[in-house]
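Secondary and tertiary structure notes
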Amino acid sequence: MKLICFPHAGGMSGYYAFLKRAPLAGIDSVDLVEYPGRGSRAAQEGYRDFQDCVERVSARLADEGLEDGCYVLFGHSMGAFVAYEVACLLQERYGLRPLHVFVSGQKPPCRVVPEHYAQCESDGIDFLKRLGGVPELILEDEGIARYFIGLCAKDLRILQTYSPRPPDPANRPLVGSVICGDDDLEVSLDELEDWRGYFAVPPQVKVVHGNHFYLREREEELVAFMNERLRASAAAGLRRGA
């Protein structure tokens, strides 16, 4: 079973390396997706728009031999939208259904306001400070800060092109989970219930103590929740052939 992780806007795959070390039930490999223009893909051209991102990621995963019912998606913030839309495209175009989709730190697609991401881009470092996920090392080094803000700006422009459609009852992931910090300035907790329509089975919603970047401070709690949900999905016989 493969776990595929999608980072937040401005994020790099290494931020989610803790999921490679975590003892996740049934997971024997972890793919930390790196967006173009950073890390090992620094020299590669970025995505044209959000749909281009979803198309290219889905095609790569399908070409690499992903198996129906034998993969799990995890996405945080911007990555939550990418994970969800990739799940839908993999199902619809390639007949590859995920065992489970975890969406973290994100409102449901029906609550998206593209102009919000334009304002976030305009606010720059102030926006990132409000979210609470910027290490002091970045804030104190002008060069690193400029590079990091540039990555965020590129990804926020991609988010501005996201035009979500209403959930399609004929093509939506079967099972998913929603996770969010109780002090997340990007997500109102009363919005989380709207994720219900995006899965065939209403997702379980988990609220943890923390801000938008709760993940590292609540790593044990997150991993325990993921294990609970992974085991439940496997026990319910959701894998192909079960």
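Going by the structure above, here's the rest.
The structure contained in this document is the topic of the report that follows. Computed from a predicted model, the values in this text were never measured in an experiment. (Residues numbered from 1 in each chain as written. Predicted model: local features only at pLDDT ≥ 70, side-chain atom pairs only at ≥ 80, totals over all residues. Heavy atoms only, no water.)

1. Considerations on helix α2 (residues 50-63)
- With 14 residues, α2 extends 20 Å from end C-alpha to end C-alpha; this agrees with the ideal 20 Å at 1.5 Å per step.
- Residues of α2 that are buried: F50, D52, C53, V54, V57, S58, L61 and A62.
- Next to the buried residues of α2 lie β1 (2-6), β2 (29-32), α3 (78-94) and α7 (142-159).
- Taking the backbone nitrogen of Q51 as reference, a side-chain oxygen 3.3 Å away marks D49 as the first, capping residue of α2. (Helix = DSSP H or I, 4+ residues; strand = E, 2+ residues; numbered from the N terminus. Expected span 1.5 Å × (residues − 1). Buried < 20%, exposed > 50% of the residue type's maximum accessible area, 1.4 Å probe, protein only. Contact = heavy atoms within 4.5 Å. Polar contact = N/O pair within 3.5 Å; in protein donor to acceptor, adjacent residues only side chain to side chain.)

2. Structural notes on the sheet that holds strand β5 (residues 176-181)
- Strand order across the open sheet formed by six strands is β2-β1-β3-β4-β5-β6, with parallel pairing between neighbours. Only two strands of the sheet have a single neighbouring strand rather than two, namely β2 and β6 (204-208). Pairwise comparison of adjacent strand axes, ignoring direction, gives a mean angle of 15° for this sheet.
- Taken strand by strand, α3 contacts β1, β3 (71-76) and β4 (100-104), and its axis lies near 150° from that of β3. (Pairing = 2+ DSSP bridges. Axes fitted to C-alpha atoms, helices over the stretch in contact; angles between N-to-C directions.)

3. Overview of the environment of C152
- Structurally, C152 is set in helix α7.
- Put simply, C152 and L128 are 24 residues apart on the chain and 8.9 Å apart in space, counted from C-alpha to C-alpha.

4. Observations regarding the nonpolar core
- Among the nonpolar cores identified, the biggest contains 49 residues, and I4, F6, L73, V82, V86, L90 and W195 are the most heavily contacted of them.
- Per element, the largest residue contribution to this core is 11 residues, and it comes from α3.
- The residues touching I4, leaving out its near neighbours within four places in the chain, are D31, V33, L61, L66, Y71, V72, L73 and F74.
- Judged by nonpolar contacts, the second largest core, of 24 residues, contains F18, A22, V30 and L215. (Core = buried A, V, L, I, M, F, W, Y, C linked by side-chain atoms within 4.5 Å.)

5. Considering the packing of aromatic side chains
- The final tally for this structure, using the stated rule, is 12 aromatic pairs.
- Ring geometry for F74 and F102: centres 6.5 Å apart, planes at 45°, overall tilted. Of this pair, F74 sits in strand β3 while F102 sits in strand β4, placing them 28 residues apart in sequence.
- By relative accessible area, F74 is classed as buried at 0%.
- Judged by relative accessible area, F102 falls into the buried class, the value being 0%. (Phe/Tyr/Trp six-rings, centres within 6.5 Å; stacked < 30°, edge-to-face > 60°.)

6. With respect to the pattern of salt bridges
- Scanning the model with the defined rule gives 12 salt bridges in all.
- One salt bridge in this structure joins R93 and E55, with 2.6 Å as the shortest N-O distance. With R93 in helix α3 and E55 in helix α2, the pair connects residues that are 38 residues apart, well separated along the chain.
- Here E55 falls in the partly exposed class, since its relative accessible area comes to 26%.
- Taken together, the shared-partner salt bridges in this structure form one network comprising D31, R60 and E64. (Salt bridge = Lys/Arg side-chain N within 4 Å of Asp/Glu carboxyl O.)

7. A look at the pairing of β5
- Among the six residues of β5, six are classified as buried, and the element is accordingly described as predominantly covered.
- The alternating pattern of β5 places G176, V178 and C180 and S177, I179 and G181 on opposite faces, both of which are buried.
- Pairing geometry for β4 and β5, over four bridges, is parallel. The partner of F102 across the bridge, within β5, is S177.
- Of the pairings in the sheet, the one linking β5 to β6 comprises five bridges and is parallel in character. Pairing of G181 across the sheet is with V208, part of β6.

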